[in-house]
Amino acid sequence: MRPESLMMTYGYKPSLSEGSLKCPIFQTSTFVFNTAAEGKRFFEVAYGLSEQKEGEEMGLIYSRLNNPDLEILETRLCLWDKAEDCAVFESGMSAISTVMMEFCSPGDLILYSRPVYGGTDHFINNFLKKMQIDSVGFSPDDTEEQVIAKINATGKGDRLALIHIETPANPTNALIDIEMCANIKKHFSTAERAVILSVDNTYMGPIWQHPLKHGADLVLYSATKYIGGHSDVIAGACLGSKALMARVKGLRTFLGNMASPHTSWMLMRSLETLKVRMDQQARNAIEVANFLKNHPKIEKVYYLGFIDEQGSEREKKIYHNQFLSAGAMISFDVKGGEKEAFTFLDNLKLIKLAVSLGGTESLAEHPYTMTHTDVPLDVKNAMSITEKLVRISVGVEYHADIIADMEQALNCIQS
Ligand SMILES: *Cc1c(COP(=O)(O)O)cnc(C)c1O
């Protein structure tokens, strides 16, 4: 069965909860053991002192280690990416930072695509730097040879521990080839040291792109965005093999940054409509992008659906190999600069002026002065993040209403 058919029931047994159709919120910090021997056994397995035996039922211990809402949610999230295991966190940043701290040690090198999410960039260039973990960035235009040369130029190729990428890149939808990064990972991995490839799939996932299929080891999400989908919860997720996830979950246990029962329950509710929401958002985005493309006050539209007409051969190849949809994130340059972009933003009525993305409501923002304000100027210029750029997260509203709102706001710009 497809994941969307399983999101209402998978992994939950009503008979264990008084027949309740929906999974209750298990708002408890701790769980009662039937016997002391049982408690001993649960701890042995939870702390990795002993393996779970074939057919052995494990019970619950304490909500920092395991909780029914958290575990059922994780089981369901695995279905979309066909992952062996999943860990849900109290934010996207806690998922990302936990992975980076688990797989990098002082003296190591981290390679990352630029631009990455601002919080990720800050964590790499401030906290990890303080921990003596160096970093090197690459851009979506770089070829495999150029990226390898950048790593070698640091003199620390033998200490490359983690490759972290975001594709498409926020906010201009530039593409990064996951398979190219998997090759780079192989190039620098040795028998003793496997380089880890993690992909932040927040923009596309878990419906429109499945990085594990293309050679990624870990896939990361800000579940605040499409997975939560209603702009009412902050959460994150990491998925991958059982072996790698045992390490991620191990560190999560001691950092204590797992999602709460309530957050997990909210996300389970969101997952029931994930597919219909995202399908509708992608359909709306096609209409919005076509409207923007022909508008006289707009200079350029950054939308994956236009790659076949506007992209290079390389972009077309990555797009068709990696993406199942053009998604619902659109950026565009208005003719003019900050003044014209702000006039548009200040005159929107239905679409709200806010950062974040992936929710049911359409949102608009100005990356240059908001989400990407502290991106270094050279990176901003290289990535076409300028004063005239506006980013839209397309929601589930009726497409003609979204377009009418944009049209009237564009009309407020004096030509
Ligand atoms: C929002 C976002 C994050 C951070 O997630 P939080 O849930 O806000 O901590 C990370 N990566 C991307 C691509 C994002 O959009």
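Just so it is clear, the model here is predicted, and its values are computed rather than measured.

Describing the overall build of the chain
Next up, step 1: Along its length, the chain carries 15 helices and 12 strands.
Next up, step 2: Relative to a compact globule of 415 residues, whose C-alpha radius of gyration would be 22 Å, the chain shows 22 Å and is just as compact.
Next up, step 3: Projected onto its principal axes, the C-alpha positions of the chain cover 75 × 55 × 35 Å.
Next up, step 4: Here the chain holds 415 residues, and 53% of them are scored as buried.
Next up, step 5: Carbon and sulfur atoms make up 54% of the accessible area of the chain, which totals about 18200 Å².
Next up, step 6: Taking the 41 positively charged and 52 negatively charged side chains of the chain as two groups, their mean positions are separated by 1 Å.

Some details on the domain arrangement of the chain
Next up, step 1: Partitioning the chain into structural domains gives domain 1 (3-28 + 63-271) and domain 2 (274-410).
Next up, step 2: Look at where the C-alpha atoms of domain 1 and domain 2 centre, and you get two points 25 Å apart.
Next up, step 3: Listed by partner, the interface residues are 40 residues for domain 1 and 40 residues for domain 2.
Next up, step 4: Surface buried jointly by domain 1 and domain 2 totals about 3500 Å² across both partners, of which 62% is contributed by carbon and sulfur atoms.
Next up, step 5: The largest contributions to the domain 1 side of the interface with domain 2 come from Leu175, Trp208 and Tyr226, which together make up 24% of the buried area.
Next up, step 6: Counting across the domain 1 and domain 2 interface gives zero salt bridges.
Next up, step 7: Summed over the shared surface of domain 1 and domain 2, the number is 20 residue pairs in polar contact (both at pLDDT 80 or more).
Next up, step 8: Elements supplying a minimum of two residues to the side of domain 1 that touches domain 2: α7 (178-188) and α9 (261-272).

Points about the side chain of Asp69
Next up, step 1: The residue Asp69 is located in helix α3 (residues 68-81) in this model.
Next up, step 2: No salt bridge is formed by the buried Asp69; the nearest opposite charge belongs to Arg76, separated by 8.6 Å.
Next up, step 3: When neighbours within four sequence positions are excluded, Asp69 is seen to be in contact with Cys23, Pro24, Ile25, Phe26, Pro261, Ser264, Trp265 and Met268.

Structural notes on the pairing of strand β7 (residues 236-240)
Next up, step 1: Where burial is concerned, most of β7 is hidden: five out of the five residues are buried.
Next up, step 2: What you see with β7 is no split at all: Gly236, Cys238 and Gly240 on one side and Ala237 and Leu239 on the other are buried throughout.
Next up, step 3: Where strand β1 (residues 85-89) meets β7, five bridges bridge the pair, whose relative direction is antiparallel. Residue pairing for β7: Phe89 is matched across the bridge by Gly236.
Next up, step 4: In this structure, strand β6 (residues 218-222) lies alongside β7, joined through five bridges in antiparallel fashion. Its bridge partner being in β7, Tyr221 is matched across the sheet by Ala237.

Thoughts on the sheet that holds strand β11 (residues 363-365)
Next up, step 1: Read from one edge to the other, the open sheet built from five strands follows the order β8-β9-β12-β11-β10, with strand pairing classed as mixed. Of all strands in the sheet, those with a lone pairing partner are β8 (298-302) and β10 (352-353), marking the two edges.
Next up, step 2: Of the pairings in the sheet, the one linking strand β9 (residues 329-334) to strand β12 (residues 389-393) comprises five bridges and is antiparallel in character. Within β12, the position partnered with Asp333 by the bridge is Leu389.
Next up, step 3: Each of β9, β10, β11 and β12 is contacted by helix α13 (residues 338-346), which is oriented at about 25 degrees to β12, the strand it contacts most.

Looking at the sheet that holds strand β2 (residues 109-113)
Next up, step 1: Taken in spatial order, the seven strands make up an open sheet running β1-β7-β6-β5-β4-β2-β3, and their pairing is mixed. Both edges of this open sheet fall to β1 and β3 (134-138), since each of them pairs with a single strand only. Taking each pair of neighbouring strands and ignoring which way they run, the sheet shows an average axis angle of 20 degrees.
Next up, step 2: The pairing of β2 with β3 spans five bridges and is parallel. Looking at the pairing, Leu111 lines up with Val136 of β3.
Next up, step 3: Contacts from helix α5 (residues 118-130) reach β2, β3 and β4 (160-166) within the one sheet, and its direction differs from that of β2 by about 165 degrees.

As for the nonpolar core
Next up, step 1: Counting 73 residues, the largest nonpolar core has Leu77, Val88, Leu292, Ile330, Phe332, Phe344 and Met406 as its most contacted members.
Next up, step 2: When residues of this core are assigned to their parent elements, the largest contribution, eight residues, is made by helix α10 (residues 274-293).
Next up, step 3: When residues of this core are assigned to domains, at least three fall in each of domain 1 (3-28 + 63-271) and domain 2 (274-410).
Next up, step 4: Not counting chain neighbours up to four residues away, the residues in contact with Ile330 comprise Ala285, Val288, Ala289, Leu292, Val301, Tyr302, Tyr303, Val390, Arg391, Ile392 and Val394.
Next up, step 5: Core analysis: the second largest hydrophobic core is formed by 24 residues, Ile96, Met100, Ile110 and Tyr112 among them.

Quick word on helix α12 (residues 313-322)
Next up, step 1: Here α12 has its buried residues at Ile318, Tyr319 and Gln322. Considered in projection along α12, the buried side chains sweep an arc of 100 degrees and stay on one side of the axis. Turned more than 90 degrees away from the buried face of α12 sit Glu313 and Lys317, all of them exposed.
Next up, step 2: Against the buried residues of α12 lie α7 and α11 (307-310).

As for the environment of Gln52
Next up, step 1: Checked against the element boundaries, Gln52 lands in the loop between α2 (36-46) and α3.
Next up, step 2: Along the sequence, Gln52 and Arg41 sit 11 residues apart, while their C-alpha atoms lie 9.4 Å from each other.
Next up, step 3: For Gln52, the residues in contact, after removing those within four places along its chain, are Arg41, Val45 and Met58.

Cut-offs applied
- Residues numbered from 1 in each chain as written.
- Predicted model: local features only at pLDDT ≥ 70, side-chain atom pairs only at ≥ 80, totals over all residues.
- Heavy atoms only, no water.
- Helix = DSSP H or I, 4+ residues; strand = E, 2+ residues; numbered from the N terminus.
- Rg over C-alpha atoms; globule rule 2.2 N^0.38 Å.
- Buried < 20%, exposed > 50% of the residue type's maximum accessible area, 1.4 Å probe, protein only.
- Areas by Shrake-Rupley, 256 points an atom, 1.4 Å probe, with all protein chains shown as cover.
- Lys, Arg positive; Asp, Glu negative; His and termini not counted.
- Charge placed at Lys NZ, Arg CZ, Asp CG, Glu CD.
- Domains from an automatic or database assignment.
- Contact = heavy atoms within 4.5 Å.
- Buried area = accessible area lost by both parts, 1.4 Å probe.
- Salt bridge = Lys/Arg side-chain N within 4 Å of Asp/Glu carboxyl O.
- Polar contact = N/O pair within 3.5 Å; in protein donor to acceptor, adjacent residues only side chain to side chain.
- Pairing = 2+ DSSP bridges.
- Axes fitted to C-alpha atoms, helices over the stretch in contact; angles between N-to-C directions.
- Core = buried A, V, L, I, M, F, W, Y, C linked by side-chain atoms within 4.5 Å.
- Arc of directions from axis to C-beta.

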